Each structure stands twice: as C-alpha cells, then as structure tokens.
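A structural walkthrough
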Amino acid sequence: MKALRTIPTLLFAAAALLAGAQAYAKTVKVTLTAKEVDLPIDNKGTMYRTWTFDGQVPGTVVRVTEGDTVEFTLINDKANKNSHSVDFHAARADVVKDFESVKPGEQGSYTFTADYPGVFFYHCGADPMIQHIARGMYGAIIVDPKDAKAMPKADREYVLIQSELYPNPDSQADMMANKWSNVMFNGSIFKYDPVHDPNASRMLQAKPGERVRIYFVNAGVNEFSSFHPIAGIWDRVYSSGNPKNVQVGLQSFVVGPGDAATFDLISPKEGANAIVTHSLRGALSGAIAIMQFSNDADPKAGKGDNILVR
Ligand SMILES: [Cu+2]
C-alpha cells in the first residue's frame with residue numbers, strides 16, 4: 001500500500017515543479033447565510049435594520065483562485081422574513097435558475113468556475129434588488145490570478161466597499177428617488193476616519209515603500225465613485241482587478257455601481273492619505289478612509305484574514 005501511494009505523490013511533485021508558480025484548480029465550497037439583523041451604521045453605534053450575508057455588512061470576503069470550481073450554497077435563516085439570493089459577478093450562470101430567490105428556512109446551491117481573475121461584486125438579487133443591496137446584502141469575491149506573478153506582490157491588502165445609506169430602510173421609494181443621507185465605506189459612516197469623526201477608532205495602515213493593494217467594490221445602489229487617494233497617486237489600477245487591464249499613475253478612477261477595480265498605492269514617506277470618492281457630497285458625508293503610512297505600522301494590519309477591517 002505504501003509503495004502504491006508513493007508513485008502518485010512523486011508524479012504530483014514533478015508536475016508541481018514543471019508548473020512553477022501556477023496554482024492548481026481546486027473545488028471550493030462556499031456558504032453564505034442570509035440574516036436580517038440590527039447593525040451599527042456609524043462609530044457611535046446608531047443601529048440600522050440591515051439585511052446581511054453572515055450577519056455582517058459587507059458580507060464575508062470570498063477568495064478563490066482563477067480556474068477554481070466554486071460550489072456555492074445560500075442558506076436563508078428561518079428567522080428571516082424575506083426571500084434572498086446571491087448574484088456573483090465572478091460567475092457565468094443562469095440568471096433564472098441559479099440566481100433564484102430562496103425562502104426563509106430553505107437553501108439553494110449552484111456551481112460555477114472562476115474563469116476570470118480579479119475582484120468582483122456579489123449581492124442579493126431578490127426583488128426589489130435596490131432595497132436588498134441598500135440594506136446591506138453585498139460583498140466582494142476576489143479571484144486571484146493562477147499565475148502568482150501576473151501582478152507585483154502586494155505587501156498589504158484591504159477591501160473597501162462603497163455604498164449609500166438610506167435613512168428609512170423600508171422605503172423603496174426613497175431609494176428609487178436617490179434620497180440617501182450618507183455614503184459609506186464598509187457599511188459605516190466615516191468608519192476609518194478619526195479626522196472627521198472623533199468616535200472613529202479604526203484606520204488602514206501600511207509602511208512607507210510598501211505596495212498596498214485595495215480591492216474596491218462599488219455596491220451603489222445609485223452613485224458612481226470617483227475613487228481617489230488624497231495626497232497620493234494610484235501606482236496601478238486594474239479594471240475589474242484583472243492583471244491584463246492595468247493602467248499606471250492615475251489620480252482618480254471611476255467605478256460605477258455594480259463594478260469593482262483593484263488599486264495599488266505606494267507612499268514614499270510617512271504620513272497619511274485620505275481615500276475618498278472625489279464626488280464630494282459622498283466623501284463629506286462619510287466616504288473617507290485614512291491610510292496611515294508609518295514605520296511602526298501594525299505588522300498584522302492588511303494581512304491574511306485582516307483584509308477587511310471590521
Ligand atoms: Cu436579499
């Protein structure tokens with residue numbers, strides 16, 4: 001038995017050497033649970049009746065590698081009152097069958113292959129979609145390129161998702177009329193901005209010279225983002241996060257609702273950048289994130305599971 005197992009192992013090792021940095025396609029099981037819960041929408045703890053994936057806004061960051069097969073399951077918690085669904089922008093699927101709504105207490109599944117590398121939006125598509133997204137049913141799926149050298153290696157990584165806050169979560173009419181009060185990053189007003197909100201305790205951190213990669217998604221539901229680092233320049237911008245869609249040395253880059261892009265930022269010195277949507281009513285009502293560049297940045301910030309600062 002031992003010898004029989006050794007031969008495939010050796011073959012696998014040889015194949016891995018030949019393939020170099022190429023990752024092997026694998027099957028990844030992903031489960032999201034729809035939960036209707038109260039969550040804070042500012043640093044003071046003002047509560048809002050959200051609808052979520054996994055009880056948080058944004059939902060869990062899903063991360064796979066180009067070529068992987070994703071076996072996806074949506075569980076709709078039996079305590080919920082509404083049907084929900086998941087539309088992965090990284091998937092080529094059947095909008096009717098795969099993105100179908102699931103009733104409370106039930107679950108639904110579909111499978112797709114992550115054929116294109118990048119960063120993609122995912123969201124609930126249940127009717128009315130404008131309300132399900134505006135109340136918090138959104139997240140990011142990162143599909144890492146199978147060639148690990150397709151992009152320069154990032155020293156730190158962060159996920160930022162832009163969205164609007166509609167004060168009355170029950171008013172679909174307000175959403176249709178674009179009556180938002182604030183624009184937010186990662187589901188909370190001035191979440192990472194102690195400059196504009198003394199109650200803010202979180203920031204994004206990195207060291208000078210490090211390549212900081214921001215996976216940016218615009219969940220909308222209505223506003224475009226003119227994504228800009230105040231006092232910085234985007235070293236590289238990749239539309240939809242695809243390594244082939246690279247642009248260099250940009251000041252701002254427009255990301256529409258339902259779109260996403262990957263942004264690399266490098267600071268030559270200590271200090272701060274303020275990452276904003278330069279559509280200023282959005283920035284000044286909550287969509288500012290301070291990126292602090294410091295030689296004693298927390299070594300764990302922007303690494304591993306800390307990619308989305310909760
Ligand atoms: Cu929903």
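Residues numbered from 1 in each chain as written. Predicted model: local features only at pLDDT ≥ 70, side-chain atom pairs only at ≥ 80, totals over all residues.

1. A look at the nonpolar core
Which entries qualify depends on this criterion: Core membership is restricted to buried Ala, Val, Leu, Ile, Met, Phe, Trp, Tyr and Cys residues, and these are joined into a nonpolar core through C-beta atoms within 7 Å. Exposure is read from a count of other C-beta atoms within 10 Å of each residue's own; the residue is exposed at 12 or fewer, buried at 20 or more and partly exposed in between. C-beta atoms are placed from the backbone. Secondary structure elements are taken from DSSP: a helix is a run of H or I of four residues or more, a strand is a run of E of two residues or more, and numbering for both begins at the N terminus. Delimitation of the domains relies on an automatic or database domain assignment. By the convention adopted here, residues make contact when the C-beta atoms placed from their backbones lie within 7 Å.
With 75 residues, the main nonpolar core has Phe-120, Ala-140, Ile-141, Phe-216, Ala-260, Ala-289 and Met-291 as its most contacted residues. In terms of residues, this core owes the most to one element, strand E12 (residues 212-220), which gives six residues. For this core, the two domains that each supply at least three residues are domain 1 (27-144) and domain 2 (156-307). Beyond its immediate sequence surroundings of up to four residues, Ala-289 is in contact with Leu-160, Phe-185, Tyr-192, Asp-193, Leu-204 and Ile-275.

2. Points about the UniProt feature "domain: Plastocyanin-like" (unreviewed entry) in the chain
Note the following rule: UniProt positions are given in the numbering used here, feature names are shortened, and annotations may be inferred rather than shown by experiment.
Here, the residues flagged by UniProt with the feature "domain: Plastocyanin-like" (unreviewed entry) are residues 46-147. Across residues 46-147, helical content stands at 6% and strand content at 40%; the span's end C-alpha atoms are separated by 44 Å.

3. Quick word on the sheet that holds strand E3 (residues 62-65)
To keep it simple, the criterion reads: Only when DSSP finds a minimum of two bridges between them are two strands counted as paired.
The strand order across the open sheet built from four strands is E3-E8-E7-E5, with neighbouring strands paired in mixed fashion. Of all the strands in the sheet, the pair left with one neighbour each is E3 and strand E5 (87-88). As paired elements, strand E7 (residues 118-123) and strand E8 (residues 138-144) share six bridges and run antiparallel to each other. Paired with Phe-121 across the bridge in E8 is Ala-140.

4. Observations concerning unusual backbone geometry
Residue Val-57 is joined to Pro-58 through a cis peptide bond whose omega torsion reads -5 degrees. With respect to the element layout, Pro-58 can be found in the loop between strand E2 (47-53) and E3. Here the residue pair Gly-220 and Val-221 is connected by a cis peptide bond, since its omega of 25 degrees sits within 30 degrees of zero. Along the chain, Val-221 turns up in the loop between E12 and strand E13 (225-230). The phi torsion at Asn-178 lies on the positive side, around 60 degrees, for a residue other than glycine. Examined against the element boundaries, Asn-178 turns out to sit in the loop between helix H3 (172-176) and strand E10 (182-185). Located in the positive-phi region is Ala-231, a residue other than glycine, with phi close to 80 degrees.

5. Let's talk about the sheet that holds strand E9 (residues 156-165)
Cut-off, in case you're wondering: Axis geometry follows a simple rule: fit a line to the C-alpha atoms, using only the stretch in contact for helices, then measure angles between N-to-C directions, giving values from 0 to 180 degrees.
The six strands are arranged E10-E9-E12-E17-E14-E15 in an open sheet whose pairing can be described as mixed. One side of each edge strand has no neighbouring strand; the edge strands of this open sheet are E10 and strand E15 (246-250). Sheet twist, expressed as the average angle between the axes of neighbouring strands with direction ignored, equals 25 degrees. In this structure, E12 lies alongside strand E17 (residues 259-265), joined through seven bridges in antiparallel fashion. Its bridge partner being in E17, Tyr-215 is matched across the sheet by Thr-262.

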